[in-house]
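Residues per chain, in single letters:
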Amino acid sequence: MKRVHLDHRVHLDHNATTPMRPEVRALFLERLDRLAGNPSSVHRSGREARQWLDEARERIAASLDVHEDEIVFTSGGTESDNLAILGAVRTRSQEEGCLTTAVEHSAVLGAADRLAFEGRPVQRFPVDATASVDTERFAARAREPWVALVSAMAANNEVGTLLPLAEIGAALGRPGTGPNRPGELRPLFHTDAVQALGRIPVRLRAWGVDLASFSAHKIGGPLGVGILYKRKGVALEGLIFGGGQEHGLRPGTENVPAISAAALAVELAVREQADFADRTSALCRSFWEQLQVVVPGVVLHGPPLASPLRLPNTLNLGLPNADGLRVDSRVLVPRLDLEGLEVSAGSACASGSLEPSHVLLAMGLTTERARGGLRVSLGRTSSAEDIHTAVDILGRTFHAPR
Ligand code: PLP
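Residues numbered from 1 in each chain as written. Predicted model: local features only at pLDDT ≥ 70, side-chain atom pairs only at ≥ 80, totals over all residues. Heavy atoms only, no water.

For the rest of this paragraph, the subject is a negative patch on the surface. A cluster of acidic side chains, namely Asp54, Glu58, Glu68 and Asp69, defines a negative patch on the protein surface. Position of aspartate 54 among the secondary structure elements: in helix H2 (residues 44-64). For aspartate 54, a relative accessible area of 30% gives the class partly exposed. (Patch = residues over 30% accessible without salt bridge, like charges linked within 9 Å, V, L, I, M, F, W, Y side chains within 5 Å. Areas by Shrake-Rupley, 256 points an atom, 1.4 Å probe, with all protein chains shown as cover. Salt bridge = Lys/Arg side-chain N within 4 Å of Asp/Glu carboxyl O. Lys, Arg positive; Asp, Glu negative; His and termini not counted. Charge placed at Lys NZ, Arg CZ, Asp CG, Glu CD. Helix = DSSP H or I, 4+ residues; strand = E, 2+ residues; numbered from the N terminus. Buried < 20%, exposed > 50% of the residue type's maximum accessible area, 1.4 Å probe, protein only.)

Laid out in structure tokens, this is it:
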């Protein structure tokens, strides 16, 4: 089989991580070089670091259309999910727990499992064949008295399904009236919006959420910076203990250069979201059309390509049986990698796992079919040439003798 040049790699795994944007990297390095103080110190160097931190918080709050006091910096999407779920539910009585969906990221499912381990009620609500939930039934379950918090992801990282958050919010009686809604609402509403930011419009107030998680490295920002939106008035308990940073919720000296860079990445991602969606959805359509010719019988997991309820940049493919051999993405992904194409079998966090994707299983696929799921996710830098090369490699690899 003809090999492509190994120095030309086609990275179509942007949902796992996406390269730092040049302007974000420049700001990161500049702040790294200039930083001389701890943002909690009162001297001049400390005050400068504090100013950068405040500015980052303001930029993010403005981009998300929320108040700067509602932004908490964490180490990533995983920590934001854990802080939201464990932090909120642990302030409630032991009889209360968390309702989530069967297709959440392991950061949400892991936090929910922890609550179950602590003896609290937890449920993973089933999804349909597109990885979505029935709004009315989900909201009815959410209103049961044991539910302290509902966690429903904005966009699925494996198949790209968008959950109907505004409808769920409305069914939970959330008018999206802003930060000053009186009293404590029940249940609290959390969304993991890690894959939504920069890909679809993020409308925290219209969705009616109280808590939302984001991660900088999914949008061209640095690794190791997460953001938690926490609506004013929502009670949370921190997961770690120490100083008073981040309203006492996330003690420890803030990583100021990385947070500054993350803020720029958020601002750019939000500003360029519509353009990103147009470009990547056109490339995904082209990829899908070309692939069907090269690999007849390939199927698309999740909502139809034209559906408004899917991420513009994410495709999850089911390759057909060839030569009586079931395609196993654990075998296929390393083969494609040898050819210069970087895609994944599902979530990067589960890539070392022998288990088939919990998302595809929850959508009703058999274990065998779920093992064949292949995730292709595009980014800002993906080009028509990348798509063409990817289809070529997929076709050759798929038809190669096994
Ligand atoms: N939630 C979703 C939907 C994700 O896709 C990811 C990353 O894969 C995370 C949470 C975890 O984010 P991080 O890698 O920043 O911890």
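Let us keep going from here.
Moving on, we come to the domain arrangement of the protein chain. Assigned domains of the protein chain: these are domain 1 (6-20 + 273-399) and domain 2 (22-271). At the junction of the two partners, domain 1 supplies 32 residues and domain 2 supplies 38 residues. In total, about 2700 Å² of surface goes out of reach between domain 1 and domain 2, with carbon and sulfur atoms giving 56% of it. Looking at the side of domain 1 facing domain 2, the largest losses of area belong to Met20, Gln273 and Leu311, adding up to 29% of the total buried there. Seen at the junction of domain 1 and domain 2, the total is zero salt bridges. (Domains from an automatic or database assignment. Contact = heavy atoms within 4.5 Å. Buried area = accessible area lost by both parts, 1.4 Å probe.)

Here helix H10 (residues 329-338) crosses helix H13 (residues 384-399) at 125°, and the two axes come no closer than 10 Å. Judged on the interaxial angle alone, H13 and H10 are oblique. As for the relative orientation of H10 and H13, their crossing is right-handed in sense. When H10 is examined against H13, the residues Leu332, Arg335 and Leu336 are found in contact with a partner set consisting of Ile393, Leu394 and Thr397. Counted by class, the contact of H10 with H13 contains four nonpolar, one polar and one charged residues. (Axes fitted to C-alpha atoms, helices over the stretch in contact; angles between N-to-C directions. Parallel < 35°, antiparallel > 145°, perpendicular 65-115°, else oblique. Left-handed = near helix turned anticlockwise from the far one by under 90°. Nonpolar A, V, L, I, M, F, W, Y, C, P; charged D, E, K, R; others polar.)

Inspection of the entire model under this criterion finds 25 salt bridges. Note that arginine 9 and aspartate 337 form a salt bridge whose closest N and O atoms lie 2.3 Å from each other. Separated by 328 residues along the polypeptide, arginine 9 in the segment before strand S1 (10-11) and aspartate 337 in helix H10 bring together distant segments of the chain. Classification of arginine 9 by relative accessible area gives partly exposed; the value is 31%. Several salt bridges share partner residues, and in doing so they unite Arg31, Glu55, Arg59, Glu267 and Arg271 into one network.

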